[in-house]
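Letter by letter, the chains look like this.
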Amino acid sequence: MRFTYRQFILFGILCLISSVYPTKSSAGILTGAEQFERFLPILKGKRVGLVVNQTSLSNGVFLPDSLSSLKINQTCIFTPEHGLRGTADAGETVSDGTDPKTGIKVISLYGKNKKPLPKQLNDIDIIIFDIQDVGARFYTYISTLYYVMQACAEQDKEIIILDRPNPCDYVDGPVLKPAYKSFVGMLPIPVLHGCTIGELALMINGEGWLGNGLKCRMKVITVKGWAHKQAYSLPVKPSPNLPNDQSVALYASLCPFEGTDISVGRGTEYPFQIIGSPKIKNTAFRFTPRALKGSDMNPLHKNQECYGKDLRQAQNPNGFSLKYIIEVYRYYKKTARNPEAEFFTRPKWFDLLMGTDQVRKEIIQGKTETEIRAGWQKDLEHYKKIREKYLLYREL
């Protein structure tokens, strides 16, 4: 493999920038995408497909732009939920199109199909997957990872994963039961899985979760300078409603509220940092969800004043907590005529997010968080043993 003089100079500049100017949130840490010297030679002469979004940055430069400048033959970009630039609402269908800057064809994996079709892989030799995860099972980027790996295995395509640190690096919560498998929970893992995208991909392959004996040809470009339990602040918001570190820290514990009457602040400037409902009264804190372009145009309790809690300065739960859900349900139990129906307005969705119906049933029974947590400990300990086999970054 040989580089042209121009490619050699650009390649050298990119490598120099990566080594001298680490990202502002992670001094001393190099993500997989910042290590061009490790993956660029693999791409030379190949037809390359990418699975990327707005988080696919190397020192502020969008990965497709960097690869275009190096004359890498990018034939297609696949995009997950929220689209290529991360501006589509949660659950909003994302359409196919063309990246206006590079002219590369863009195929949505959150539209008609969530898995690349065989014909869409015909002109691809190798796929790069570079998306920032936040460590929660129901964050759908890992479901996209699963389907891309499965498609690659079926069509004998190789995948390169450019790994990134996990900003919510805990192992906690109930493990998903098979009956509750969905796009917000594809894998038998806990709510907080404690893996990077690369480690999770190794687990999917190693545990045979792709089905039918499939194995995906893959390579992980590991992060340098990071270890598990090391804090990592994201340089760009991973999706429209996770704008900062506090929202990421609270996300796993607040997301199950989406199956209830309680707003998690969608349609405000503080999503996943505040909670409330019009049915809650006598609290000093209040907010009104509104249509908010680039975040949520139809939030729960739109244009209604909600009363609740401001969690912008709340202590990090350091894992997955049922504290807020149990507290608010107990309020409904005291004030509502039919607390179960009025609080759990979408019980099936709540169960899909939890990966089981047991948590909801035990909350209704009035069990404490300690009692509920005891019910998932055996499965959690089993998962931890599985996880141990695939760790790439040991704790310091």
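Throughout this document, residue positions are counted from 1 along each chain, in the order its sequence is written. A pLDDT threshold of at least 70 governs which residues receive local features in this predicted model, and a stricter bar of 80 or more applies before side-chain atom pairs are shown or counted, although totals over entire chains, interfaces and linings include all residues. Note: side-chain values were computed over all heavy atoms of the structure, leaving out hydrogens and water.

Novice: Teacher, can you tell me more about the overall build of the protein chain here?
Specialist: The helix and strand inventory of the protein chain stands at 12 helices and 14 strands. What the globule rule says is 2.2 Å times the number of residues to the power 0.38, and the radius of gyration is computed from C-alpha atoms. For the protein chain, the C-alpha radius of gyration of 22 Å lies close to 21 Å, the compact-globule estimate for 396 residues. Structurally, the protein chain occupies a C-alpha span of about 75 × 45 × 40 Å along its principal axes. Per-residue burial for the protein chain yields a buried fraction of 57% across its 396 residues. Only heavy atoms matter for contacts: two residues are in contact if any of them lie within 4.5 Å across the pair. Considering only contacts within the protein chain whose residues lie at least 6 apart along the sequence, 73% involve residues at least 24 apart. Surface accessibility follows the Shrake-Rupley procedure with a 1.4 Å probe radius. Residue values consider only the protein chains on display as shielding. If you sum the accessible surface of the protein chain, you get close to 16,800 Å²; carbon and sulfur atoms cover 51% of it. His is not counted, nor are the chain ends; Lys and Arg add positive charge and Asp and Glu add negative charge. Where a charge sits is defined by one atom per residue type, namely NZ (Lys), CZ (Arg), CG (Asp) or CD (Glu). Taking the average place of the 52 positive charges on the side chains of the protein chain and the average place of its 39 negative ones, the gap between the two points comes to 2 Å. Counting from the N terminus, the helices are DSSP H or I runs at least four residues long and the strands are E runs at least two residues long. Burial classes follow relative accessibility: with a 1.4 Å probe on protein chains only, a residue under 20% of its type's maximum area counts as buried, one over 50% as exposed, and anything between as partly exposed.

Novice: Where do I start with the pattern of salt bridges in this structure?
Specialist: Two side chains that carry opposite charge are able to pair once their charged atoms sit near each other. Criterion for a salt bridge: a side-chain nitrogen of Lys or Arg within 4 Å of a carboxyl oxygen of Asp or Glu. On inspection of all chains with the given rule, the structure shows 20 salt bridges. The salt bridge involving E305 is made with R286; its shortest N-O contact spans 3.9 Å. Of this pair, E305 sits in the loop between β13 (286-287) and β14 (306-310) while R286 is found in strand β13, placing the two residues 19 residues apart along the sequence.

Novice: What is the right way to read unusual backbone geometry from this model?
Specialist: With glycine set apart, most residues show a phi of negative sign, and most peptide bonds adopt trans. Positive phi is not limited to glycine here, since D156 has a value of about 55 degrees. Here D156 lies in the loop between α4 (141-155) and β8 (158-162). A residue is classified by how much of its surface remains accessible, and D156, at 52% relative accessible area, is exposed. Here H301, not a glycine, exhibits a phi torsion of approximately 60 degrees, which is positive. Classification of H301 by relative accessible area gives buried; the value is 12%.

Novice: I tried to follow the sheet that holds strand β5 (residues 97-98) on my own but got confused; where do I start?
Specialist: Each strand in a sheet pairs with its neighbour through backbone hydrogen bonds, running either in the same direction (parallel) or in the opposite one (antiparallel). Ordered in space as β5-β6-β4-β1-β7-β8-β11, the 7 strands form an open sheet in which the pairing is mixed. Edge strands, defined here as strands with exactly one partner in the open sheet, are β5 and β11 (218-221). Strand pairing is assigned whenever DSSP identifies at least 2 bridges connecting the two strands. Strand direction decides the pairing type here: strand β7 (residues 126-130) and β8, joined by 4 bridges, are parallel. Along β8, the bridge assignment pairs I128 with I160. Every axis in this analysis is a line fitted to C-alpha atoms, fitted for helices over the stretch in contact. Angles between the N-to-C directions lie between 0 and 180 degrees. Against the sheet, α4 engages β1 (48-52), β7, β8 and β11, with an angle of about 170 degrees to β7. Strands in contact with helix α5 (residues 197-206) are β7, β8 and β11; relative to β11, the strand with the most contacts, it is inclined by about 155 degrees.

Novice: Help me out: how do you make sense of helix α9 (residues 347-354) in this one?
Specialist: Along an α-helix, a turn takes 3.6 residues, which lines up residues three or four apart on a common side. Buried within α9 we find F350, D351, L353 and M354. In a view along the axis of α9, the buried residues occupy a sector of 160 degrees, so they form one face of it. Looking at the buried side of α9, the elements it contacts are β9 (171-175), β10 (190-193), α7 (323-335) and α10 (358-364). It is the directions from the helix axis to the C-beta atoms whose arc is reported.

Novice: I tried to follow the sheet that holds β13 on my own but got confused; where do I start?
Specialist: The strand order β12-β14-β13 describes an open sheet built from 3 strands, whose pairing is antiparallel. Strands at the two margins of the open sheet, each flanked by one partner only, are β12 (274-277) and β13.

Novice: Looking at this structure, how should I read the environment of N303?
Specialist: The residue N303 is located in the loop between β13 and β14 in this model. Overall, the relative accessible area of 49% leaves N303 in the partly exposed class. Taking the C-alpha atoms as reference, N303 lies 9.2 Å from G267; in sequence the two are 36 residues apart. Apart from residues no more than four positions distant in its own chain, N303 is found in contact with T288, P289 and R290.

Novice: Just to check I follow, could you spell out the packing of α4 against α5 for this structure?
Specialist: Any two packed helices are characterised by the angle at which their axes cross and by the distance between the axes. At a minimum axis separation of 11 Å, α4 and α5 run at an interaxial angle of 45 degrees. On the basis of the axis angle, α4 is oblique to α5. Crossing of α4 over α5 shows right-handed handedness. Here I142, L145, Y146 and M149 of α4 lie close against α5, whose contacting residues are I197, L200, A201, I204 and N205. Polar here means any residue outside two lists: the nonpolar Ala, Val, Leu, Ile, Met, Phe, Trp, Tyr, Cys and Pro, and the charged Asp, Glu, Lys and Arg; Gly therefore counts as polar. Tallied by class, residues from the contact of α4 with α5 come to 8 nonpolar, 1 polar and no charged. Roughly parallel here means an angle under 35 degrees, roughly antiparallel means over 145, roughly perpendicular means 65 to 115, and every remaining angle is called oblique. Helix crossings get a hand from a simple test, with the near helix turned counterclockwise from the far one by less than a right angle marking a left-handed crossing and a clockwise turn marking a right-handed one.

Novice: I'm lost on the pairing of strand β6 (residues 105-108) in this one. Help?
Specialist: Looking down a regular strand, the side chains alternate between one sheet face and the other. As paired strands, strand β4 (residues 74-79) and β6 are joined by 3 bridges and run parallel to one another. Among the inter-strand pairings, T79 is bridged to a residue of β6, identified as S108. Of the pairings in the sheet, the one linking β5 to β6 comprises 2 bridges and is antiparallel in character. Opposite T98, over in β6, you have K105 as the bridge partner. Counted between consecutive antiparallel strands, the loop separating β5 from β6 contains 6 residues, among which G103 sits at a positive phi close to 75 degrees.

Novice: I would appreciate a short explanation of the confidence of the model for the protein chain in the present structure.
Specialist: Keep in mind that low pLDDT regions are not for reading the predicted coordinates in detail. The share of residues in the protein chain with pLDDT of 70 or more is 91%, and the mean pLDDT across the chain is 92. Scored from 0 to 100, pLDDT records how confident the predictor is in each individual residue. In the model, residues 16-25 has pLDDT below 50 throughout and makes 19 contacts with residues more than four positions away in sequence or in other chains.

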